[in-house]
Amino acid sequence: MAAYDLILRGGACVLPWGIETTDVGVRAGRIAALGDLRLDSAAQEIDARGLHVLPGLIDAHVHLRDPGDPAVENLSDGTKGAILGGLTTVFDMPNTAPSVTDKPRLDWKRDYINGTAWCDVGMYVGASMNNISELARLEAEPNVCAIKVFAGSSTGDLLIADDVSLEAVMLSGHRRICYHSEDEFRLQARKPDFTSGMPHRNHAIWRDVECAFLGTRRLMAIARKTNRPAHILHVSTAEELEYLAEFRDICTVEVLLNHLTQTDEAYDRLGGYAVMNPPIRDQRHMDAAWAAVRNGTVDVVGSDHAPHSRAAKERPWPDCAAGLTGVQTIVPIMLDHVNAGRLPLTRLVDLMCAGPARVYGALNKGRLATGYDADFTLVDMKKQRTIEESWIVSPCGWTPFAGHHCTGWPMMTVIRGQVAMREDEVLGTPQGKAVRFAR
Ligand code: DOR
């Protein structure tokens, strides 16, 4: 008879080789055993019968805005939202105020994560015109998930727009680089065509298909030339998804929950609360995103959680801030997509566990397997619930998915063997740690 710290009993476990109803034994924060543990005991036992046990779900694309304006979002509230929403790990973007672009800021952020974060956190380092020669060193710093390049401008001042500078970035270091791919020159050239107060739908006309596709063609040409692995974030067009099939040797692909869930009717319904970069587009692109989920083109689904104050969202277009909250709602909505037959639960785990772990090289994450971190998301696939704005813990206080009815809901999150959330209740103290990556 063996003793564990924690045993999850009788859940339908989503293992790398399929779904099996089995027990999971945890010791010292790691998965120590999978199988029939009826004869074994543990200090804490969780009855997981009737629930699915997923590897802890990862949102590889969040903007927790810390440092920045804590009344809009901050590391504590953002990661609390993450565990309430069924995530155990997030990778946090560098376009804060100030941006995370050097070693002192990475060191500050690492210290701050330990003790403040409710879930585990990986850190992006931002590429800027001033730190290109430092990037090889910066991407090798502990707990860095990737370099982030804004090749088109969005929130904040990070931008590397021209081919010569992009090539210099790709020649500095060796890890996979993450790109915001929109062509900055096309964006700026067409900006004068649009004036303040025009309908929000113009966001998708200004930041059109060619803007994203041209950005991606340029990046792939340089990535091919330099042989530098790339990850194109939030791919939003049918054209890019088809094109990237020829670059699978050097390029991985992220699609956002919003681009799988919302079409351009949202502009009339939500106004500024539908504005994000790259934009929400028409049905043809949503259909292409789902086809790419089904044919394997997509490696990762993320939320691009990007809070802004209500005042900033309610300014007339194009002055309204771009970015939508999502860290707390991505899991319920993805589970609802599973129940609607749009993807199997095993593919969801591939997109939000194994996929991010593989693309970013996260160590000990993303897999229910002995020796891996004991991170679990327990979900009730039958539970019905409507997303309410009052449930959102981000201080900005809004979600574009208010009123969205979901079948399937996260019931519990366990982080390195500690129960962090159980049925809407946040437990204990912040236990989040900075994630380790292969460097
Ligand atoms: O809509 C967006 N918001 N897209 C981005 O690329 C950045 C993000 C933000 O930080 O607000």
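Residues numbered from 1 in each chain as written. Predicted model: local features only at pLDDT ≥ 70, side-chain atom pairs only at ≥ 80, totals over all residues. Heavy atoms only, no water.

**As for the overall build of the protein chain**
When its secondary structure is counted, the protein chain shows 14 helices and 17 strands. Its C-alpha radius of gyration of 21 Å places the protein chain within 12% of the 22 Å reference for a compact globule of 439 residues. The dimensions of the protein chain, computed from C-alpha atoms along their principal axes, are 70 × 45 × 40 Å. The burial tally for the protein chain puts 63% of its 439 residues in the buried class. (Helix = DSSP H or I, 4+ residues; strand = E, 2+ residues; numbered from the N terminus. Rg over C-alpha atoms; globule rule 2.2 N^0.38 Å. Buried < 20%, exposed > 50% of the residue type's maximum accessible area, 1.4 Å probe, protein only.)

**As for the site of the ligand**
Taken together, 14 residues are adjacent to the ligand, and Arg65, Asn95, Thr155, Asn277 and His308 come closest. Between an oxygen atom of the ligand and a side-chain N or O atom of Ser154, the distance comes to 3.0 Å. Considering only residue class, the shell around the ligand consists of four nonpolar, eight polar and two charged. (Near = heavy atom within 4 Å. Polar contact = N/O pair within 3.5 Å; in protein donor to acceptor, adjacent residues only side chain to side chain. Nonpolar A, V, L, I, M, F, W, Y, C, P; charged D, E, K, R; others polar.)

**Quick look at the packing of aromatic side chains**
Each pair of aromatic rings is reported with the distance of its centres and the angle of its planes. Scanning the entire structure with this criterion turns up 10 aromatic pairs. Both rings, one in Phe91 and one in Phe437, keep their centres 5.3 Å apart while their planes meet at 70 degrees; by these two values the pair is edge-to-face. One end of the pair, Phe91, is in strand 7 (residues 87-92); the other, Phe437, is in the segment after strand 17 (425-426), and 346 residues separate them in sequence. Phe437 shares its class with Phe91; the two are buried. Relative to Trp409, the ring of Trp391 lies with its centre 5.1 Å away and its plane at 50 degrees, an arrangement referred to as tilted. On the criterion of sequence distance, the pair formed by Trp391 in the loop between strand 14 (376-386) and strand 15 (405-415) and Trp409 in strand 15 is long-range, its members being 18 residues apart. Trp391 sits in the buried class, given a relative accessible area of 11%. What links up through ring pairs into an aromatic cluster is the set Phe91, Tyr124, Tyr360 and Phe437. Above the ring of Phe150, the side-chain terminus of Lys148 is found at 3.8 Å from the ring centroid. Positioned over the ring face of Trp206 is Arg207, at 4.8 Å from the centre of the ring. (Phe/Tyr/Trp six-rings, centres within 6.5 Å; stacked < 30°, edge-to-face > 60°. Lys NZ or Arg CZ within 6 Å of the ring centre and 35° of its normal.)

**Details of unusual backbone geometry**
Note that the residue after Asp66, namely Pro67, is joined by a cis bond; omega there is 5 degrees. Tracing the sequence through the fold places Pro67 in the loop between strand 6 (57-62) and helix 1 (75-84). In this model, Asn277 is joined to Pro278 through a cis peptide bond whose omega is -10 degrees. Mapped onto the elements of the fold, Pro278 is located in the loop between helix 10 (265-270) and helix 11 (283-295). Positive phi, normally seen in glycine, also occurs at Arg65, with a value near 60 degrees. Of note, Arg416 is a non-glycine position whose phi angle comes to about 45 degrees, a positive value. When you line up the elements, Arg416 lands in the loop between strand 15 and strand 16 (418-422).

**Things to note about helix 11**
Because each turn of an α-helix spans 3.6 residues, side chains separated by three or four positions end up pointing in the same direction. With 13 residues, helix 11 ought to run about 18 Å at 1.5 Å a step, and its terminal C-alpha atoms sit 18 Å apart, in line with that. Among all positions in helix 11, only His285, Met286, Ala288, Ala289, Trp290, Ala292 and Val293 are buried. Against the buried residues of helix 11 lie helix 7 (209-226), helix 8 (238-243), strand 12 (251-256), helix 9 (257-261), helix 13 (330-339) and helix 14 (345-360). Just past helix 11, the residue Gly296 takes up positive phi, approximately 95 degrees. (Expected span 1.5 Å × (residues − 1). Contact = heavy atoms within 4.5 Å.)

**Brief notes about the side chain of Asn143**
Here Asn143 is to be found in the loop between helix 3 (135-139) and strand 9 (144-150). Within polar-contact distance, the side chain of Asn143 engages the backbone oxygen of Ala434 at 3.4 Å. Apart from residues no more than four positions distant in its own chain, Asn143 is found in contact with Arg110, Gly122, Met123, Ala434, Val435, Arg436 and Phe437.

**A few points about the pattern of salt bridges**
The tally for this structure, following the rule as stated, stands at 32 salt bridges. For Asp36, the salt bridge is made with Arg38, and the minimal N-O distance between the two is 2.5 Å. Neither residue differs from the other here; Asp36 and Arg38 are each classed as exposed. With a closest N to O distance of 2.7 Å, Asp375 and Lys365 form a salt bridge. With a gap of 10 residues between them, Asp375 in the loop between helix 14 and strand 14 and Lys365 in the loop between helix 14 and strand 14 connect regions that are remote in the sequence. On the accessibility criterion, Asp375 (5% relative accessible area) is buried. A cluster of three or more residues bridged by salt bridges with shared partners is formed by Arg30, Asp120, Lys365, Asp373, Asp375 and Arg416. (Salt bridge = Lys/Arg side-chain N within 4 Å of Asp/Glu carboxyl O.)

**Some words on helix 14**
Between the first and last C-alpha of helix 14 there are 22 Å, a value that for 16 residues agrees with the 22 Å anticipated at 1.5 Å per step. At Ala354, helix 14 shows its strongest bend, of approximately 40 degrees, with the proline Pro356 following within four residues. Residues of helix 14 that are buried: Leu345, Arg347, Leu348, Val349, Leu351, Met352, Cys353, Gly355, Pro356, Ala357, Val359 and Tyr360. Looking one or two places after helix 14, you find Gly361, whose phi comes out positive at around 70 degrees. (Bend = angle between axes of the 7 residues up to and from the residue.)

Function cannot be read off these values alone, since they describe shape.
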